[in-house]
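# Chain and residue survey
Residues per chain, in single letters:
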Amino acid sequence: MRSLTLLALVACSQEEIGITRDESADYNLGELTEAVDKFVAAGKTPAAFGVLAKRTMELREGMDRSVAEEAELKLIVLALAPIAQVKDMPLAAQVDALALTVWPTLLSPEVEADAILFKRDPDSAILMPGTGESAVEYLRRLCGTPLAGDCKQVVPEYQGAVISALATRRATERARNAVSACMMCAAEAGWHEAVRQWEDLDRQVTSWISEVERKADPANWPTAGAAGIADPGLPEAQISDTGQVVVDGQRHSAPGRIDALREVRGEGTTLALHLRPDLSLAQVKGVLSDARKAGAKKIAVIARAPHYPWDRKVYWLAENAGQRAVSLRPTDSLQLLLHTVDHVATPGAVARVN
């Protein structure tokens, strides 16, 4: 019999926490420990975690129950470090860093040993990134099929935030279960500190996820039809229900709307507007007037394809030029205008707002 001391590092801490096991058979324990050591030596980065997770899954077939439980414990605790490294980055950067490396492991079922009467869930493989799959492609596939109940009604720009929240909630549950099942962990404060860190992250998610899901609903955009064209990636401003211009979370009321739109436009002369589909044509006309005063010569409204993945489309709008939609009144909605233009105009036509 020999004693093996296994070391794990809680994210953002150098405190070592150990579990001592007496084993006559290894069951891939040594190789698991080596993989963890390589992760730590590589700086506990998201990419290094991806390597650790892949190696752990390769070793799983030879694990017994106790080594599998230890692998589960280590993966969930060590995932805190790469998440901490990128938590202050913009969402797009977090997606690039975590979507293909850390989130797949957190979203998957817990690590369990294969046995004659129990085999891993074959459906869990679809939670793993495919060969050559980009981060954006991976998220769209997850929300389209295996996680459709959680994020299919979320436009692509917000999928990273929703998947991050799902991964955090799942990891918090797994951390509690893994530490609770570990008899040796009771004497080591570091394991319980890891659970506390996951619970803190979960509380943060709870504070913002409902608002993100509300903003990410495709119903917040007009539905695109035949006259819509692919979004060319224009400078964009959102117009709120109350007519405020919203830029990077800042709201600008009537006195500052033109200056805000001018700032969004920058050096160009083209501007895209995120307008709600139920906005009246009278309100749309007022916004267009402000956009013109802000120096925009071409103005587009952003719409969404009618089916997942809700691709962005645009329609060109003008006050006194373009395709006239007869029989529409100032009280009719923007969506009705676009629907009418779809039936009488070709893709890219300018919709006239009278």
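Our subject is the structure listed above.
So, here is what we can say about the structure in this document. Values in this document were obtained by computation on a predicted structure and should not be read as measured data.

### Some remarks on unusual backbone geometry
- Looking along the chain, the bond that leaves Tyr 308 and enters Pro 309 is cis, with omega of 10 degrees.
- Of note, Pro 309 is situated in the loop between β8 (298-304) and β9 (312-318).
- Non-glycine residue Asn 28 carries a positive phi angle of around 70 degrees.
- Here Asn 28 is to be found in the loop between β2 (16-23) and α1 (29-41).
- Given a relative accessible area of 17%, Asn 28 falls into the buried group.

### Structural notes on the state of the cysteines
- The full count for this structure, using the stated rule, is two disulfides.
- Covalently, Cys 143 is tied to Cys 151 through a disulfide, its sulfur atoms 2.1 Å apart. For the disulfide bridge between Cys 143 and Cys 151, the dihedral angle about the S-S bond is near -105 degrees, and by the sign convention the bridge is left-handed. A single burial state applies to Cys 143 and to Cys 151, both of which are buried.
- Note on cysteine connectivity: Cys 182 is disulfide-linked to Cys 185, with sulfurs 2.2 Å apart.

The rules behind these values
Residues numbered from 1 in each chain as written. Predicted model: local features only at pLDDT ≥ 70, side-chain atom pairs only at ≥ 80, totals over all residues. Heavy atoms only, no water. Helix = DSSP H or I, 4+ residues; strand = E, 2+ residues; numbered from the N terminus. Buried < 20%, exposed > 50% of the residue type's maximum accessible area, 1.4 Å probe, protein only. Disulfide = S-S within 2.5 Å.

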